[in-house]
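Commentary on secondary and tertiary structure
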Amino acid sequence: MLNVTRAILTSLLTFVPVSGTAEETVTYTLTDGQTVAPLEQFRECDVCPEMIVMPPGAFMMGAIPGESRNPFDFYGENSTGGVRRPDEINIIPSEHPRHLVEMDIPYAIGRNEVTHAEWMVCVEDGGCSHDPEHKVLTLRRGRVALGPTHPVINVSYFDALEYVAWLNAQVGADVYRLPTEAEWEYAARAGTETRFAQGDELTADQANFSRKATEHLRQTIQQEPMTHLTNRRLPVPVDELDAANAWGLRHMSGNVGEWTQSCWTQEHLGLPSASAYLDLAQSQTECRRVKKGGSFTAAMDGTRLAWRSRPLEITRDINIGFRVIREFDAAEER
């Protein structure tokens, strides 16, 4: 069975360069001897996820005041659970203050959410102890089984850590880990400052989110029908839809929410660098971890790049998966 799953992965994932430019040209050497540069794709081993190297830079982390179109006041400590008036600026405290973050850690991030096939290689090899149910319960169709290229679901934060440890064993170096929320958001934005990497609105061809939930939010105040959208009620395979941002990363909005290693805070701490976010995350051993990206059950507003939520570390849910990053130690000018 292990060989069959490896064959599936080998056929699905191939090395393909991604076009683009970086602020400076640098290269990184992998454990298998490959040399990669910003915006190039690679796989470091035959069962490793497909990765894309992030260009160096900085970005504005968090939401622009008023960008959320969720009319419900759910988020503040003094929340009344009411509905905001149309003239009220919608500021969600957990997405503010917006602040500049310098990306001082070179890294690559998974092109896709980790798939069920990739996860099961870890299970079959003894590295992952949890064999998650790969089905989604729907009202009309009962339990629907997902395929090998769907994102893995029903995995906790601790499950994801097992996968990362196993992945590091495959390459013989401690280089893979979960992203911090700063690393996740920088990659997701791909140089943009809009609500989504694709602009201020998403189409059903660009992301997998809930039409029903989107209509519920919009109709409360705006009476805006959204019948042109699709309500899939299921995750989609990672290579389905025109879901890539400008740096080639797929499904950063929607499909399944994604674990980060950052601990939840009621507001952004305003840390100045990626290394500051990583140091803080690694110093905290128990907390609610930040989930990013939204899912197929979320309204469009809940798939914004600034959006955050706070599941328990032990949570296993059909809405949550993850992607990994590969940290680099040093760079050389090419």
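A brief look at the structure comes next. Just so you know, these numbers come straight off a predicted model, no measurement behind them. For every chain, the first residue of the written sequence is number 1, and numbering continues from 1 along that sequence. Local features in this predicted model are restricted to residues whose pLDDT is 70 or higher, and side-chain atom pairs enter the listing and the counts only when it is 80 or higher, whereas totals over whole chains, interfaces and linings include all residues. Side-chain metrics rest on all non-hydrogen atoms present in the structure, leaving aside hydrogens and water.

1. With respect to the overall build of the chain
Broken down by element type, the chain carries six helices and 15 strands. In the chain, once contacts between residues fewer than 6 apart in sequence are set aside, the share between residues at least 24 apart is 74%. Areas reported here follow the Shrake-Rupley algorithm with a probe of radius 1.4 Å; residue values treat only the protein chains shown as occluding. Accessible surface, the chain as shown: approximately 14200 Å² in total, 49% of it carbon and sulfur. Numbering of helices and strands runs from the N terminus; a helix is a DSSP stretch of H or I covering at least four residues, while a strand is a stretch of E covering at least two. The contact criterion used throughout is that any non-hydrogen atoms of two residues lie within 4.5 Å.

2. Things to note about the pairing of strand β9 (residues 142-145)
Strands qualify as paired when DSSP identifies two bridges or more between them. One ladder, built from four bridges, connects strand β8 (residues 135-138) with β9; its direction is antiparallel. Each bridged residue has a counterpart across the sheet, and for Lys 135 the counterpart in β9 is Ala 145. Hairpin connection, β8 to β9: the antiparallel pair is bridged by three residues.

3. Overview of the packing of helix α2 (residues 116-124) against helix α3 (residues 157-171)
For helices, the fitted axis covers only the stretch in contact; all axes are lines through C-alpha atoms, and the angles between them, taken along N-to-C directions, range from 0 to 180 degrees. Axis separation between α2 and α3 bottoms out at 10 Å; the angle between their running directions is 75 degrees. Relative to α3, the element α2 lies roughly perpendicular. Along the contact surface, α2 presents Glu 118, Trp 119, Val 121 and Cys 122, while α3 presents Asp 159, Ala 160, Tyr 163 and Trp 166. For this classification, under 35 degrees means roughly parallel, over 145 means roughly antiparallel, 65 to 115 means roughly perpendicular, and everything else is oblique.

4. Section: the side chain of Glu 181
Here Glu 181 is to be found in helix α4 (residues 181-189). A polar contact of 2.9 Å, which involves the side chain of Glu 181, links it to the side chain of Arg 308. If sequence neighbours within four positions are ignored, Glu 181 has contacts with Met 61, Thr 260, Ser 262, His 268, Val 290 and Arg 308. Distance and chemistry together define a polar contact, namely a pair of N or O atoms within 3.5 Å, with one atom able to donate a hydrogen and the other to accept it when in protein, and with adjacent residues in sequence counting only for side-chain atoms on both sides.

5. A look at the state of the cysteines
Two cysteines form a disulfide when their sulfur atoms are joined by a covalent bond. Any pair of cysteine sulfurs within 2.5 Å is marked as a disulfide. Throughout the structure, instances matching the rule amount to three disulfides. In this model Cys 263 forms its disulfide with Cys 287; the gap between the sulfur atoms is 1.9 Å. As the torsion about the S-S bond is roughly -75 degrees, the Cys 263-Cys 287 disulfide counts as left-handed. Residue Cys 263 is found in strand β11 (residues 257-263), and its partner Cys 287 is found in the loop between α6 (274-283) and β12 (289-292); the two are separated by 24 residues along the sequence. In the chain, the bonded cysteines, taken in the order they occur along the sequence, pair up as 1-2, 3-4, 5-6.

6. Brief notes about the packing of aromatic side chains
Two aromatic rings from Phe, Tyr or Trp, using only the six-membered ring of Trp, form a pair when their centres are within 6.5 Å; if the ring planes differ by under 30 degrees the pair is stacked, by over 60 it is edge-to-face, and anything between is tilted. Under the counting rule described, the total for this entry stands at ten aromatic pairs. Where Tyr 157 meets Trp 259, the ring centres are 6.0 Å apart and the plane angle is 65 degrees; that geometry is what we call edge-to-face. Note that Tyr 157 is positioned in helix α3 and Trp 259 in strand β11, a separation of 102 residues in sequence. Only protein chains enter the calculation, and the probe is 1.4 Å; a residue is then buried if its accessible area is under 20% of its type maximum, exposed if over 50%, and partly exposed in between. The exposure class assigned to Tyr 157 is buried, which follows from its relative accessible area of 5%. Look at NZ for Lys and CZ for Arg. If either is within 6 Å of the ring centre and within 35 degrees of the ring normal, a charge sits over the ring. Over the ring of Trp 264 we find Arg 308, and its NZ or CZ is 4.6 Å from the ring centre.

7. With respect to the environment of Arg 177
Turning to its location among the elements, Arg 177 is positioned in strand β10 (residues 176-177). Judged by its relative accessible area of 9%, Arg 177 is buried. Sequence separation between Arg 177 and Arg 323 is 146 residues; the distance between their C-alpha atoms is 9.1 Å. If sequence neighbours within four positions are ignored, Arg 177 has contacts with Ile 105, Val 164, Glu 183, Gln 261, Leu 278, Gln 282, Val 324, Ile 325 and Glu 327.

8. Considering unusual backbone geometry
Along the chain, His 96 connects to Pro 97 via a cis peptide bond; the corresponding omega equals 0 degrees. Relative to the helices and strands, Pro 97 is located in the loop between β5 (57-61) and β6 (99-103). Here the phi dihedral of Ala 190 falls at roughly 50 degrees; this positive angle occurs in a residue that is not glycine. On the secondary structure map, Ala 190 appears in the loop between α4 and α5 (211-221). With a phi angle near 70 degrees, Arg 233 is a residue other than glycine that sits in the positive phi range. For Arg 233, the location among the structural elements is in the loop between α5 and β11. Note on Arg 233: relative accessible area 37%, which makes it partly exposed.

9. With respect to the pairing of β5
Of the two faces of β5, only the one carrying Gly 57, Phe 59 and Met 61 is buried; Ala 58 and Met 60 on the other face are not. Two strands pair when backbone bridges link them, and β5 and β6 are joined in this way by five bridges, in the antiparallel orientation. Bridging across to β6, Gly 57 finds its partner in Met 103.

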